[in-house]
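# Observations on the model geometry
The residues making up each chain are set out below.
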Amino acid sequence: MRSLFFLMVFIPLLSIAQNKRKGKVSYSKGTLFAEVGLNKTNYFNNSVQFQGIGYDFTLANGNPKDNIIGTNGPQIDAKIGYYVGKNWALNLGYNRMNYRYYDNGSVTLNGKINPGVDPSSYFSGSYVNQLVSLDSNQFVFANEAISNFSLGLMRTDHLFALGSQRNFLVASNIGANLGALVSNSTFNFAGKNETGTTSLSGISFSGNVGLRFEFFKKVYLLTNFTTGYHNQFSIRTREAELNAKAIQGVWFTQFNVAFGMLFYVRPTNDCSTCPVW
């Protein structure tokens, strides 16, 4: 009789507890995520200053263009993050971009190039607001790869889900990032064409918003929009000349698509403290 009473009371309570216990939640504390994707970047008009032996000049109102494939590889994104609390994650990111100034692009030239510095005399003398057209046979400046190593803070919120098990879910991501920039530059000027000059060139900050489409609580597809600023105060342009550098600040927008995976390292459910068995 006691056993029957115990079963009649215990089994319903166990069933209720199991029903209350929710499944894994992708934004809960203890969830790890990793993703990789491609980006397309647009740069706003900007100025770039060049300094070196015998010259100090600025090209203003330039409009560099990116190349998704790039000479040093595609414009890729990679990120790994961890939810340190409900909805909030810290992440480490790698973002590779590139750009160059193409032929016939009109820019405004200011500054001075000493006579004899450029044997072709393409640039020589003092300039004040001089409109010039770029010719890649005489002048090239490109960041063949800008590697942005960043630390970010992100908030995730679930927007809606389908099915009783929520196996398809749409979430929003909002984040802010601070990064260090490593540049790989090409500089053709004054009869010298140098490629692959690498330097720690500056810092970057950005903000992003995106939608994450989750499947079976394991994998996801991310679409993301980012806007930010690169402050490159020391882009080395000559390996053998420590003082030869470019200085540039540029605003950008970026769209990227990424594939990611979710790992429930120390999973919790929506109560943020209870373990998911």
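Residues numbered from 1 in each chain as written. Predicted model: local features only at pLDDT ≥ 70, side-chain atom pairs only at ≥ 80, totals over all residues. Heavy atoms only, no water.

What follows is about the overall build of the protein. Each helix and strand in the protein was counted, giving 1 helix and 12 strands. In sequence order, the protein lays out its α and β elements as α-β-β-β-β-β-β-β-β-β-β-β-β. Within the protein, the fraction of its 277 residues that count as buried is 42%. Taking all contacts inside the protein whose residues are at least 6 apart in sequence as the whole, residues at least 24 apart take part in 70%. Within the structure as shown, the protein displays about 14200 Å² of accessible surface, and the carbon and sulfur contribution to it stands at 63%. (Helix = DSSP H or I, 4+ residues; strand = E, 2+ residues; numbered from the N terminus. Buried < 20%, exposed > 50% of the residue type's maximum accessible area, 1.4 Å probe, protein only. Contact = heavy atoms within 4.5 Å. Areas by Shrake-Rupley, 256 points an atom, 1.4 Å probe, with all protein chains shown as cover.)

When you line up the elements, Ser-147 lands in strand β8 (residues 140-162). One polar contact links Ser-147 to Tyr-94, side chain to side chain, over a distance of 3.1 Å. Look past the residues within four positions of Ser-147 in its chain and what remains in contact with it is Tyr-94, Asn-95, Ala-180, Leu-181 and Val-182. (Polar contact = N/O pair within 3.5 Å; in protein donor to acceptor, adjacent residues only side chain to side chain.)

Our focus in this paragraph is the environment of Phe-252. Within the secondary structure, Phe-252 sits in strand β12 (residues 245-264). When its relative accessible area of 3% is taken as the criterion, Phe-252 is described as buried. Sequence spacing of Phe-252 and Thr-227 is 25 residues, and the spatial spacing of their C-alpha atoms is 5.7 Å. Beyond its immediate stretch of four places on either side in the chain, Phe-252 contacts Thr-41, Asn-42, Tyr-43, Phe-44, Ser-204, Ser-206, Thr-226, Thr-227, Gly-228, Tyr-229 and His-230.

In terms of nonpolar packing, the biggest core is built from 28 residues, with Phe-50, Phe-57, Leu-59, Phe-123, Phe-139, Phe-141 and Phe-189 touching the most fellow members. Those elements giving two or more residues to this core turn out to be β2 (46-52), β3 (55-62), β5 (88-100), β6 (106-113), β7 (125-133), β8, β9 (168-189) and β12. When near neighbours in sequence (up to four residues on either side) are disregarded, Phe-57 contacts Val-48, Gln-49, Phe-50, Leu-109, Asn-110, Gly-111, Lys-112, Ile-113, Phe-123, Phe-139 and Phe-189. Counting 11 residues, the second-largest nonpolar core is a separate cluster that includes Phe-33, Tyr-220, Leu-262 and Tyr-264. (Core = buried A, V, L, I, M, F, W, Y, C linked by side-chain atoms within 4.5 Å.)

Turning our attention to the confidence of the model for the protein. Looking at the protein, pLDDT values average 86 and 86% of them are 70 or higher. Segment residues 3-21: pLDDT under 50, and 4 contacts once partners within four positions in sequence are set aside and those in other chains are kept. This model gives residues 271-277 a pLDDT under 50, and the stretch forms 13 contacts once residues within four places in sequence are excluded. (pLDDT = per-residue confidence, 0-100.)

This brings us to the packing of aromatic side chains. Within the structure shown, the criterion is met by 25 aromatic pairs. Relative to Phe-189, the ring of Phe-139 has its centre 6.2 Å away and its plane inclined at 75°; by these criteria the two rings are edge-to-face. In this pair, Phe-139 is assigned in the loop between β7 and β8 and Phe-189 in strand β9, connecting sequence segments 50 residues apart. Comparing Phe-139 with Phe-189 shows no difference in burial state: the two are buried. Aromatic rings pair up to connect Tyr-43, Phe-50, Tyr-55, Phe-57, Tyr-99, Tyr-101, Phe-123, Tyr-127, Phe-139, Phe-141, Phe-187 and Phe-189 into one cluster. Taking the ring centre of Tyr-220 as reference, the NZ or CZ of Arg-212 above it sits at 5.1 Å. (Phe/Tyr/Trp six-rings, centres within 6.5 Å; stacked < 30°, edge-to-face > 60°. Lys NZ or Arg CZ within 6 Å of the ring centre and 35° of its normal.)

Notably, Asn-129 is not glycine yet its phi reads approximately 50°, a positive angle. Its location among the elements puts Asn-129 in strand β7.

Next up on the list: the pairing of β5. With 8 bridges connecting them, strand β4 (residues 76-85) and β5 associate as antiparallel partners. Considered in β5, the bridge of Lys-79 is made with Gly-93. Note that β5 and β8 share 12 bridges and pair antiparallel. Paired with Arg-96 across the bridge in β8 is Ser-147. (Pairing = 2+ DSSP bridges.)

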